Amino acid sequence: MSKFLRAGLRGLTAYTPGEQPQDKKYIKLNTNESPYPPGPQVLAAIREGELAELRLYPDPRMQRLKKALAAAFNRDFGLALGVENVFLSNGSDDILNFAFAAFAAEGGRVLYPEISYGFYEVYAEYHKAAAATAPLDPDFRIDTAPFLEKGYALKILANPNAPTGIALPLAEVEAIAASDLDAVFLVDEAYVDFGAESAAGLLDRFENLLICRTFSKSSSLAGARLGYALGSVELIADLALIQYSTNPYSVNRMSEAVGLAVLAEPEYYKENARRIMATREQTAQDLRELGLRVLPSGANFLFAGGDGLADPGGKAVYEALKERGVLVRYFGKPRLANWLRISIGTPEEMAVLIRELKDILGKA
Ligand code: PMP
């Protein structure tokens, strides 16, 4: 820290992203990336597409990709979205940042689950929002009662939640949207394509609803940094106000091109999601057979541990797996000390995980 850093930032604890180690090749089950490559059209778009045009700035309004996204949601959910209902940015983290800036900064009241995506807390602190949390029960289910209260500027729900993977049914999400039409309700659907119910179908009824999505998980594009939000024209304009006041070119030409290519072949990605869900269920069963508790997941990861990991402990197991070339995510917070978040890889990768875990736990 330099002596120049302003006082207001000195206590800030930054987000710690999952490791991306470069020292050797790991079986990477720690940042919920897809184990499957982007589809053929993406590869073709990169080869032939936008590279020659890189001397030009991208379209700051991202009209082509917004139009394609609106069309996809109109088709899948019977909506009538236009480009002005769609927002695009450099990963959905960027959008969450904008949402805090637009709706909850400087003392605005924001609510999110006590255990959820770690960035919410960081953005709350960075933007000096007044944060409150909804508790989780011993089974890691969110108590939605606080979400039904009035008086918040912004309510954020990851559905499915992370790192638990537990999804809330649509009826409960709808009840939250309806509980306070004066609060922005942001549903973070980063993992929704792996079996949960999307709230997108509610968009035509709730102008306080903002749905945040990403190409990073089910679209195999974590490296492209492409996220989007859907909402009322007014909410999208609020996000754009922040974006155009900071960096209007926050989606680059290559990312727009690969995003379009993803939308041109949805079946490829649906099939991958089906494979990942099947692998998830097999892995959940294998982990339970090793004595671990496994939460029901609607995401591309499993949250596993509990008493089955108490000896030698979550941290020791995480470290032993890393030593053996398998990287999982360990959070180490008090309630999560004996839990690991394990992204779903290919069946072969998960077989290695189970084999190594068996050995580490002395069950081989
Ligand atoms: N929301 C949740 C719940 C996540 O787990 C992640 C991934 N770390 C994100 C948003 C951000 O994803 P991205 O910035 O890659 O779109």
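The present account deals with the structure reproduced in this document.

This part is about the site of the ligand. Neighbouring the ligand are the residues Gly-91, Ser-92, Asp-93, Tyr-117, Asp-188, Ala-190, Tyr-191, Thr-214, Ser-216, Lys-217 and Arg-225. Ser-92 is positioned with one of its backbone polar atoms (N or O) 2.7 Å from an oxygen atom of the ligand. In this structure, a nitrogen atom belonging to the ligand sits 2.6 Å away from a side-chain N or O atom of Asp-188. For the ligand, whose accessible area on its own is 400 Å², the fraction buried by protein is 92%. Classifying every residue of the shell around the ligand gives three nonpolar, four polar and four charged.

Further remarks concern the environment of Lys-217. By the element assignment, Lys-217 lies in the loop between strand S7 (209-214) and strand S8 (227-231). A relative accessible area of 14% means that Lys-217 is categorised as buried. Separated by 27 residues in sequence, Lys-217 and Ala-190 place their C-alpha atoms 7.1 Å apart. If we ignore the near neighbours within four places in the chain, the residues touching Lys-217 are Thr-31, Asn-32, Ser-34, Ala-190, Tyr-191, Phe-194 and Asn-300. Reaching out from Lys-217, the side chain makes a polar contact with the side chain of Tyr-191 at a distance of 3.4 Å.

Moving on: the sheet that holds strand S12 (residues 339-343). What the five strands build is an open sheet, ordered S1-S11-S12-S10-S9; its pairing is mixed. If you trace the sheet from one side to the other, it starts and ends with strand S1 (27-29) and strand S9 (293-294), each paired once. With five bridges joining them, strand S10 (residues 301-305) and S12 adopt antiparallel strand pairing. Each bridged residue has a counterpart across the sheet, and for Gly-305 the counterpart in S12 is Trp-339. Lying on the sheet, helix H9 (residues 314-323) is in contact with strand S11 (326-330) and S12; it crosses S11 at an angle near 155°. Where helix H10 (residues 347-360) meets the sheet, it contacts S1, S11 and S12, and its direction lies at approximately 90° from that of S1.

What follows concerns helix H8 (residues 266-289). Taking 1.5 Å of rise per residue, 24 residues should cover 34 Å, and H8 covers 35 Å from first to last C-alpha, within 8% of that figure. Turning to H8, its buried residues number three or more, namely Tyr-269, Asn-272, Ala-273, Ile-276, Thr-279, Arg-280, Thr-283, Ala-284 and Leu-287. Positive backbone phi, at 90°, marks Gly-291, one or two positions downstream of H8.

To continue, consider the sheet that holds S7. The mixed open sheet is built from seven strands, whose spatial order is S2-S8-S7-S6-S5-S3-S4. Of all the strands in the sheet, just strand S2 (86-89) and strand S4 (130-134) have a single pairing partner and so form its edges. Taken pair by pair, the neighbouring strands of this sheet meet at an average axis angle of 20°, ignoring direction. Lying over the sheet, helix H4 (residues 119-126) contacts strand S3 (109-113), S4, strand S5 (154-158) and strand S6 (184-188), oriented at roughly 165° with respect to S3.

As a further point, take the packing of aromatic side chains. Tallying each qualifying case throughout the model produces 18 aromatic pairs. Where Tyr-57 meets Tyr-249, the ring centres are 4.5 Å apart and the plane angle is 20°; that geometry is what we call stacked. Residue Tyr-57 is located in the loop between helix H1 (40-49) and helix H2 (63-77), and its partner Tyr-249 is located in the loop between helix H6 (233-244) and helix H7 (253-264); the two are separated by 192 residues in the primary sequence. Taken together, Tyr-15, Phe-100, Tyr-112, Tyr-117, Phe-119, Tyr-120 and Tyr-123 form an aromatic cluster joined through their ring pairs. Positioned above the aromatic ring of Tyr-36, the side-chain terminus of Arg-275 is 3.9 Å from the ring centre. Directly above the ring of Phe-140 sits Arg-335, whose terminal nitrogen or CZ lies 5.1 Å from the centroid.

Going through the model one piece at a time under the given rule, you end up with 15 salt bridges. One salt bridge connects Arg-213 with Glu-189, and the closest N-O pair in it is separated by 3.0 Å. Taken as a pair, Arg-213 in strand S7 and Glu-189 in the loop between S6 and S7 lie far apart in primary sequence, 24 residues in all. Here Arg-213 and Glu-189 have matching classes, each one buried. In this structure, the salt-bridge partner of Arg-274 is Glu-267, at a minimum N-O distance of 3.4 Å.

Reading the values: the criteria
Residues numbered from 1 in each chain as written. Predicted model: local features only at pLDDT ≥ 70, side-chain atom pairs only at ≥ 80, totals over all residues. Heavy atoms only, no water. Near = heavy atom within 4 Å. Polar contact = N/O pair within 3.5 Å; in protein donor to acceptor, adjacent residues only side chain to side chain. Areas by Shrake-Rupley, 256 points an atom, 1.4 Å probe, with all protein chains shown as cover. Nonpolar A, V, L, I, M, F, W, Y, C, P; charged D, E, K, R; others polar. Helix = DSSP H or I, 4+ residues; strand = E, 2+ residues; numbered from the N terminus. Buried < 20%, exposed > 50% of the residue type's maximum accessible area, 1.4 Å probe, protein only. Contact = heavy atoms within 4.5 Å. Pairing = 2+ DSSP bridges. Axes fitted to C-alpha atoms, helices over the stretch in contact; angles between N-to-C directions. Expected span 1.5 Å × (residues − 1). Phe/Tyr/Trp six-rings, centres within 6.5 Å; stacked < 30°, edge-to-face > 60°. Lys NZ or Arg CZ within 6 Å of the ring centre and 35° of its normal. Salt bridge = Lys/Arg side-chain N within 4 Å of Asp/Glu carboxyl O.

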